[in-house]
Amino acid sequence: MPMTFRQGGFYGTVPMAGGIFYLKNDDVDFDSSGIVGARLGYALTEKWMLEVSFDYGFTKFNGQFNGQNMDGNSANNFFMTVNALRNFGPVLKNKRLTPYVIAGVGLGVTDAFLVSEYGALGQIGGGAHYALTDNLFLRGEVRGLFDTNPSMANLVVQIGPTFHFGGARPVP
């Protein structure tokens, strides 16, 4: 029997952990660092899901930011998004792996010593859920995260456990 998210069920992914790779750009240059986050979502159908997410990354500056020399100073980056996921699967013989694509919009905040910036952000990526049980999944994903202020593009790689609760039980 396929193991996938059930229509009408909620899910939470806590914690999501991984790395964020700040791609060099003209406005700001950060060191790549760790990132942690959480997701809370709802399975509209077995194929479509909506979620809210929060991610936090702690990093250091390399050079200038808003005309100030910030080289070596610490920065806190917060990313809050609303995402849509489209599942494709389950796939493989054991019917436990469900690949998906993700897209979302939200708010990015960079907070550093005496400097705070807020900007709109968008993200797009893909990943997969692997069913360990009917209610426990392992989630891994890769996302491109694009922030408007400061203008930057990031690559995020994360993995974490997903707990599914509620929803209609599949018919065997």
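Before any of the text, the structure's been laid out above.
Everything numeric in this text was worked out from a predicted model, so none of it was measured. (Residues numbered from 1 in each chain as written. Predicted model: local features only at pLDDT ≥ 70, side-chain atom pairs only at ≥ 80, totals over all residues. Heavy atoms only, no water.)

1. Here we look at the overall build of the protein chain
Here's step 1: Scanning the protein chain from terminus to terminus reveals zero helices and 10 strands.
Here's step 2: Going from the N terminus to the C terminus, the protein chain shows its helices and strands as β-β-β-β-β-β-β-β-β-β.
Here's step 3: The principal-axis extent of the C-alpha atoms belonging to the protein chain is close to 60 × 25 × 20 Å.
Here's step 4: Looking at the protein chain alone, contacts between residues at least 24 apart form 61% of all its contacts between residues at least 6 apart.
Here's step 5: With an accessible surface of roughly 8,200 Å², the protein chain has 67% of that area assigned to carbon and sulfur atoms.
Here's step 6: Taken as two groups, the 12 positive and 13 negative side-chain charges of the protein chain have centres that lie 18 Å from each other. (Helix = DSSP H or I, 4+ residues; strand = E, 2+ residues; numbered from the N terminus. Contact = heavy atoms within 4.5 Å. Areas by Shrake-Rupley, 256 points an atom, 1.4 Å probe, with all protein chains shown as cover. Lys, Arg positive; Asp, Glu negative; His and termini not counted. Charge placed at Lys NZ, Arg CZ, Asp CG, Glu CD.)

2. Comments concerning the nonpolar core
Here's step 1: Counting residues in hydrophobic clusters, the biggest one holds 15 residues, and the most contacted among them are Ile20, Phe30, Phe61, Phe79 and Leu145.
Here's step 2: The residues contacting Phe79, other than those within four sequence positions of it, are Ile20, Ile35, Ser53, Phe54, Asp55, Leu107, Gly108, Leu121, Leu145, Asp147 and Asn154.
Here's step 3: Within the second largest apolar cluster, nine residues are counted, among which are Met49, Ile102, Ala131 and Phe137. (Core = buried A, V, L, I, M, F, W, Y, C linked by side-chain atoms within 4.5 Å. Buried < 20%, exposed > 50% of the residue type's maximum accessible area, 1.4 Å probe, protein only.)

3. Some remarks on a nonpolar patch on the surface
Here's step 1: On the surface, a nonpolar cluster with roughly 930 Å² of combined accessible area is contributed by Phe10, Leu40, Tyr42, Leu44, Trp48, Leu50, Val52, Val82, Phe163 and Phe165.
Here's step 2: Secondary-structure elements contributing two or more residues to the nonpolar patch are strand E2 (33–43), strand E3 (48–60) and strand E10 (151–166).
Here's step 3: When residues of the nonpolar patch are assigned to their parent elements, the largest contribution, three residues, is made by E3.
Here's step 4: Turning to its location among the elements, Leu40 is positioned in strand E2.
Here's step 5: Accessibility expressed as a relative area gives 48% for Leu40, which makes it partly exposed. (Patch = residues over 30% accessible without salt bridge, like charges linked within 9 Å, V, L, I, M, F, W, Y side chains within 5 Å. Salt bridge = Lys/Arg side-chain N within 4 Å of Asp/Glu carboxyl O.)

4. Focus on the side chain of Asn83
Here's step 1: Mapped onto the elements, Asn83 comes out in strand E6 (residues 74–87).
Here's step 2: On the accessibility criterion, Asn83 (1% relative accessible area) is buried.
Here's step 3: In terms of polar contacts, Asn83 uses its side chain to reach the side chain of Ser53, at 3.3 Å.
Here's step 4: Reaching out from Asn83, the side chain makes a polar contact with the side chain of Thr81 at a distance of 3.2 Å.
Here's step 5: Discounting residues that sit within four places of it in the chain, Asn83 has contacts with Met49, Leu50, Glu51, Ser53, Ile102, Ala103, Gly104 and Gln123. (Polar contact = N/O pair within 3.5 Å; in protein donor to acceptor, adjacent residues only side chain to side chain.)

5. Digging into the sheet that holds strand E7 (residues 97–112)
Here's step 1: If you walk around this closed barrel you meet the eight strands as E1-E2-E3-E6-E7-E8-E9-E10, and the pairing is antiparallel. Each adjacent strand pair in this sheet contributes to an overall mean axis angle of 25°, direction not counted.
Here's step 2: Two strands pair when backbone bridges link them, and E7 and strand E8 (residues 115–131) are joined in this way by 16 bridges, in the antiparallel orientation. Bridging across to E8, Ala103 finds its partner in Ile124. (Pairing = 2+ DSSP bridges. Axes fitted to C-alpha atoms, helices over the stretch in contact; angles between N-to-C directions.)

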